[in-house]
Amino acid sequence: MSRFIFSTVVAVFMLTVGLVSNPVVAQDSASAIMPFEFETESERQRYQYFSKILRCPMCQNQNLNGSNAGIATDLRRELHRLISEDYSDQEIIDFMQSRYGNFILYEPPINKSTSVLWFAPIVFLLVGVAVLIVLVRRQRVNDDVAVLSDQELAAARARLQSLQAQDAKDSKETSAGIPSNSKALSGK
Amino acid sequence: MQRLKLFLPLLIFALLAALLFGRLGEDPEYLPSALIDKAMPEFALPELYEPTRIVTRDDLLGEPGLLNVWASWCFACRVEHPFLTKIAREYGVPLYGLNYKNETDEAQNWLQEFGNPYRLHIVDRSGRLGIDLGVAGAPETFVFDHLGRIRHRHIGIVDEKVWAETLEPLLQQLRSEQ
């Protein structure tokens, strides 16, 4: 029984870890080419930020920064234009999302179709914690049964001894012919 | 009951396996267009053979048709070209070309060699219209209705199967909506 619970807990735990840990490992090429000129440092930083969180539509797992695909080059150029024209963060996201959908965002928005993606890990975690709590509680109940106070222990010992004495007496009376056996039965 | 519980981990495993196996056949690169049921973006770009003529969205309106994103550097475009020629010439499907990030003379040579079943070609040298359409690369084919709304986007080669299963039924439906 405890083995079953253990394996369930392990399974739930592994699922939770698997789902919670972010599967998105964007490939950043160390030598990201940035041929663009920016007027301010903050514009440059915005460009770097967005080229990291936006995914190349052609590639399964590369951001705009790390991809050599033609479309990634075009979108980097477009991103540079948007930043130079003072688009806000939300306007840049909207621009990309309205053309390329949620795919272009590494972090999908929370809505109906992505709710499982966002909340399943939490549900799995809660189930895992619940199972764990039940397990620990059950263990504690077992422990409680096993632990006796010194007084109770002494009383139980005394009762056991009196029962054994009674037993030995009975067996002596009924099977006087086989003493060796009766000795074994008496519990020594 | 206790016995059955023993099989719970196995059951969970089986369910997960079934779920993951079921998704194996799906194309992970399939991307629905973000523009479905939305108006085709506005544009004003030259025509391939008449550089002084400016093509706009209005030139495509009136009846449902296909907008095919192609380029002479795109090998898959060469593969789908005979079939596109067939549906345009034999079935009379309005076929428009979006010449995507291509040198004009190279595009013209390509059409010279393989034939030109297109009604007209929009020249998108910079790929800017491509971005507005959510194009990731060539070939891609958009189905639009008589009002110029994008109704479907096909990524990759258009062949007999794509035509019979998706494009033809959709075009028929769009014609009936007209």
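Throughout what follows, the structure given in this document is the object of discussion. (Residues numbered from 1 in each chain as written. Chains lettered and ligands numbered in written order. Predicted model: local features only at pLDDT ≥ 70, side-chain atom pairs only at ≥ 80, totals over all residues. Heavy atoms only, no water.)

### Here's the deal with the interface of chain A and chain B
Counted only if it meets this: When checking whether two residues touch, look at their non-hydrogen atoms; a contact exists if any pair is within 4.5 Å. Simply put, the buried area is the total loss of 1.4 Å probe accessible area from both parts when two parts are fitted together. Here, a salt bridge means any Lys or Arg side-chain nitrogen found within 4 Å of an Asp or Glu carboxyl oxygen. N or O atoms within 3.5 Å of each other form a polar contact, as long as, within protein, one can give a hydrogen and the other can take it, and as long as residues adjacent in sequence are counted only when both atoms are side-chain atoms.
Counting residues at the interface gives 22 residues for chain A and 24 residues for chain B. The junction of chain A with chain B conceals about 1800 Å² of combined surface from both sides, 62% of it contributed by carbon and sulfur atoms. Applying the counting rule to chain A against chain B returns three salt bridges. Between arginine 99 of chain A and aspartate 132 of chain B there is a salt bridge, and its shortest N-O distance comes to 2.7 Å. The tally of links between chain A and chain B comes to five residue pairs in polar contact (both at pLDDT 80 or more).

### Comments concerning helix α4 (residues 104–114) of chain B
Residue and element names in this part refer to chain B. This is how it is decided: Under the scheme applied here, a residue whose accessible area is under 20% of the maximum for its type counts as buried, over 50% as exposed, and between as partly exposed, the area being computed with a 1.4 Å probe on protein chains only. Counting from the N terminus, the helices are DSSP H or I runs at least four residues long and the strands are E runs at least two residues long. Arc definition: it is the arc formed by the directions from the helix axis to the C-beta atoms.
All of the buried residues along α4 are Ala107, Trp110 and Leu111. Buried positions in α4, seen along its axis, are confined to an arc of 95 degrees and lie on one side of it. Exposed and oriented more than 90 degrees from the buried face of α4 are Asn109, Gln112 and Glu113. For α4, the secondary structure elements touched by its buried residues are β3 (65–70), α3 (75–89), β4 (95–100) and β5 (121–124). Trailing α4 by a residue or two, glycine 115 shows a phi angle of about 100 degrees, which is positive.

### Points about the packing of aromatic side chains
Here is the rule we go by: Think of it this way: a Phe, Tyr or Trp ring, Trp meaning its six-membered ring, pairs with another when their centres are within 6.5 Å, and the plane angle makes it stacked under 30 degrees, edge-to-face over 60, tilted otherwise. Look at NZ for Lys and CZ for Arg. If either is within 6 Å of the ring centre and within 35 degrees of the ring normal, a charge sits over the ring.
Taken as a whole, this structure holds nine aromatic pairs over all chains when the rule is applied. Taking 5.5 Å as the distance between ring centres and 70 degrees as the angle between the ring planes, the aromatic pair formed by phenylalanine 36 of chain A and tyrosine 47 of chain A counts as edge-to-face. Within this pair, whereas phenylalanine 36 of chain A is found in the loop between α1 (2–20) and α2 (41–53), its partner tyrosine 47 of chain A is found in helix α2, the two being separated by eleven residues in sequence. Between tryptophan 110 of chain B and phenylalanine 114 of chain B, the ring centres sit 5.1 Å apart and the planes meet at 55 degrees, which makes this aromatic pair tilted. With tryptophan 110 of chain B and phenylalanine 114 of chain B both in helix α4 and four residues apart, this pair spans about one turn of that helix. Of the aromatic side chains, those joined through ring pairs into one cluster are Trp70, Trp110, Phe114 and Tyr118 of chain B. Here the guanidinium or amino end of arginine 99 of chain A rests over the ring plane of phenylalanine 95 of chain A, the centre of that ring lying 3.7 Å away.

### Looking at α3 of chain B
All names here are of chain B. As a reminder of what qualifies: To estimate how far a helix should extend, the number of its residues minus one is multiplied by 1.5 Å. Bend at a given residue is defined as the angle between two axes, one fitted to the seven residues that end at that position and one fitted to the seven that begin there.
With 15 residues, α3 ought to run about 21 Å at 1.5 Å a step, and its terminal C-alpha atoms sit 22 Å apart, in line with that. Along α3, the largest kink reaches about 40 degrees and is centred on histidine 81; proline proline 82 follows within four residues of it. On its buried side, α3 packs onto β3, β4, α4, β6 (140–144) and α6 (160–177).

### Considerations on the pairing of β6 of chain B
Residue and element names in this part refer to chain B. The criterion, for reference: Pairing between strands requires that DSSP locate at least two bridges from one strand to the other.
With five of five residues buried, β6 is to be regarded as a mostly interior element. Of the two faces of β6, the one carrying Glu140, Phe142 and Phe144 and the one carrying Thr141 and Val143 are both buried. By the bridge criterion, five bridges tie β6 to strand β7 (residues 150–155) in an arrangement that is antiparallel. Each residue of the ladder has a partner; that of threonine 141, found in β7, is histidine 154. Hairpin connection between β6 and β7: a loop of five residues separates the two successive antiparallel strands, and glycine 148 in this loop has a positive phi of roughly 85 degrees.

### Focus: a nonpolar patch on the surface
The condition is simple: Each patch is built from salt-bridge-free residues with over 30% relative accessible area, joining like charges within 9 Å and nonpolar side chains (Val, Leu, Ile, Met, Phe, Trp, Tyr) within 5 Å. In this description, accessible areas are obtained by the Shrake-Rupley approach with a 1.4 Å probe, and a residue is regarded as covered only by the protein chains that are shown.
A cluster of nonpolar residues, Ile110, Phe119, Ile122 and Leu126 of chain A, forms a patch on the protein surface that exposes about 410 Å² of accessible area. Along the chain, the position of leucine 126 of chain A falls in helix α5 (residues 115–146).

### Brief notes about the pattern of salt bridges
In total, this model carries 21 salt bridges over all chains according to the counting rule given. The residue aspartate 89 of chain A makes a salt bridge to arginine 46 of chain A at a minimum N-O spacing of 2.8 Å. Remark: arginine 46 of chain A occurs in helix α2 and aspartate 89 of chain A occurs in helix α4 (residues 89–100); sequence separation between them is 43 residues. One salt bridge connects glutamate 160 of chain B with lysine 86 of chain B, and the closest N-O pair in it is separated by 3.9 Å. Highlighted residues: glutamate 160 of chain B in helix α6 and lysine 86 of chain B in helix α3, separated in sequence by 74 residues. We classify lysine 86 of chain B as partly exposed; its relative accessible area is 28%. Through salt bridges that share partners, Glu78, Arg81, Glu85 and Arg99 of chain A together with Arg128 and Asp132 of chain B make up one connected network.

### Quick notes on the packing of α2 of chain A against helix α3 (residues 70–84) of chain A
The packing of two helices is summarised by the inter-axis angle and the distance between the axes. Residues and elements named next belong to chain A. Formally: Lines fitted to C-alpha atoms define the axes here, with helix axes fitted over just the stretch in contact, and angles between the N-to-C directions of these axes take values from 0 to 180 degrees. Note on terminology: angles under 35 degrees are roughly parallel, angles over 145 are roughly antiparallel, angles of 65 to 115 are roughly perpendicular, and the others are oblique. Note on convention: near helix rotated counterclockwise from far helix by under a right angle means a left-handed crossing. Clockwise means right-handed. Nonpolar residues are Ala, Val, Leu, Ile, Met, Phe, Trp, Tyr, Cys and Pro. Charged residues are Asp, Glu, Lys and Arg, and all others, Gly as well, are polar.
The contact between α2 and α3 brings their axes to 10 Å, and the two run at 140 degrees. Our classification of the angle between α2 and α3 gives oblique. With respect to the hand of their crossing, α2 and α3 are arranged in right-handed fashion. For the pair formed by α2 and α3, the contact residues are Glu43, Arg46, Tyr47, Phe50 and Ser51 on the first element and Arg76, Leu79, His80, Ile83 and Ser84 on the second. Taken together, the residues of the contact of α2 with α3 sort by class into four nonpolar, three polar and three charged.

### A word on the state of the cysteines
Put simply, the test is: Only a pair of cysteine sulfur atoms within 2.5 Å counts as a disulfide in this structure description.
Summed over all chains, the structure comprises two disulfides over all chains. Each sulfur of the disulfide joining cysteine 56 of chain A and cysteine 59 of chain A lies 2.3 Å from the other. The disulfide joining cysteine 56 of chain A to cysteine 59 of chain A has a torsion of about 60 degrees about its S-S bond and is therefore right-handed. The same class applies to cysteine 56 of chain A and to cysteine 59 of chain A, which are both buried. Each sulfur in the disulfide pair cysteine 74 of chain B and cysteine 77 of chain B lies 2.1 Å from the other. Its S-S torsion of approximately 90 degrees makes the covalent link between cysteine 74 of chain B and cysteine 77 of chain B right-handed. For cysteine 77 of chain B, a relative accessible area of 2% gives the class buried.

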